[in-house]
Amino acid sequence: MQIHILSVAPELLESSFAHSILKRAKEKGLLHIHLHNLRKWAINKHGQVDDYQYGGGAGMVIMCEPLANAIEELQQEKKFDEIIYMTPDGKTFNQQTANRLSLKENILIICGHYKGIDERIREHYVTMEISIGDYVLSGGELAAAVVVDAIGRLLPGVLNDETSALTDSFQDNLLAPPVYTRPANFNQWQVPEILLQGDPKKIEEWRNEQSLKRTQERRPDLL
Ligand code: ADE
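A. Broad picture of the site of the ligand. Near the ligand there are 13 residues, and of these T87, I132, G133, Y135 and L137 occur at the shortest range. T87 places a polar main-chain atom, nitrogen or oxygen, 3.2 Å from a nitrogen atom of the ligand. Within the contact set of the ligand, a nitrogen atom lies 3.0 Å away from a backbone nitrogen or oxygen of I132. When the ligand is considered free in solution it has 260 Å² of accessible area, and contact with the protein chains removes 96% of it.

B. Fine view of the pattern of salt bridges. The tally for this structure, following the rule as stated, stands at eleven salt bridges. K201 is paired through a salt bridge with E205; the nearest N and O atoms lie 3.7 Å apart. With K201 and E205 both in helix α8 (residues 200–218), this residue pair falls four residues apart, about one helical turn. For K201, a relative accessible area of 60% gives the class exposed. On the accessibility criterion, E205 (41% relative accessible area) is partly exposed.

C. View of the nonpolar core. In terms of nonpolar packing, the biggest core is built from 31 residues, with I5, L101 and I109 touching the most fellow members. Mapped by element, the contributors of at least two residues to this core are β1 (2–7), α2 (20–27), β5 (82–92), α4 (95–101), β6 (106–111), β7 (128–131) and α6 (141–152). If you tally residues by element for this core, the top one is α6, at seven residues. Discounting residues that sit within four places of it in the chain, I5 has contacts with L13, F17, I33, H34, L35, H36, L108, I109, C111 and V148.

D. Main features of the sheet that holds β1. Here we have five strands laid out as an open sheet, ordered β2-β1-β6-β5-β7, and parallel in their pairing. Edge positions in the sheet fall to β2 (32–37) and β7, since each has one partner strand and no second. On average, adjacent strands in this sheet sit at an angle of 30° to one another, irrespective of strand direction. Here β1 runs beside β6; their pairing, made up of five bridges, is parallel. By the bridge assignment, H4 is partnered in β6 with L108. In this fold α6 packs onto β1, β2, β5, β6 and β7, with an angle of close to 160° to the strand it touches most, β6.

Quick notes on the rules
Residues numbered from 1 in each chain as written. Predicted model: local features only at pLDDT ≥ 70, side-chain atom pairs only at ≥ 80, totals over all residues. Heavy atoms only, no water. Near = heavy atom within 4 Å. Polar contact = N/O pair within 3.5 Å; in protein donor to acceptor, adjacent residues only side chain to side chain. Areas by Shrake-Rupley, 256 points an atom, 1.4 Å probe, with all protein chains shown as cover. Salt bridge = Lys/Arg side-chain N within 4 Å of Asp/Glu carboxyl O. Helix = DSSP H or I, 4+ residues; strand = E, 2+ residues; numbered from the N terminus. Buried < 20%, exposed > 50% of the residue type's maximum accessible area, 1.4 Å probe, protein only. Core = buried A, V, L, I, M, F, W, Y, C linked by side-chain atoms within 4.5 Å. Contact = heavy atoms within 4.5 Å. Pairing = 2+ DSSP bridges. Axes fitted to C-alpha atoms, helices over the stretch in contact; angles between N-to-C directions.

As structure tokens, this is what we get:
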């Protein structure tokens, strides 16, 4: 899978993809992330990519011209399955959207900054708008990192144990059950006996019960 990200601050994203699971995905050639600095398509030698908004008001808006030129140039290399704009007024990201996006081949993600991007780019190029939650970040980069991480770990072969993504929270609209590791007794705090007995059927039943209980208590809206 190829993910292109267009941003005025691509350096904010670099370290997110340099570690752990996404690093492995890149090394195995399963995920290619291409960071593009929008200033490469600036409208003048001062590196300008934004301007005041029509109608007045504080905050700069990223202009059509650099964005359109960047998108057109990148589109000449490949056709994108989705052009995603990260924005607090987009559709709230969830596991289902991550699953769906992990099946795509080529994605372009546009990160906004300041007041956002000129609406005409949203109308004419963007195919999907994603918010990661009801709060405003200072730019779309951290939101894009969240989306790329959630997608990247779903790609076949990225996780060591392929089934482990299937037992994540939310995959069945259920939260994941509690997990424990050694020692079985820490400060007199015991691991549930059933996990120590080694009966796979009973363990699975226990985990399902715990998932359901946890979901009922914490996120009844999922049920
Ligand atoms: N850009 C600023 N805030 C955002 C959010 N909550 N989700 C996605 N992109 C954003």
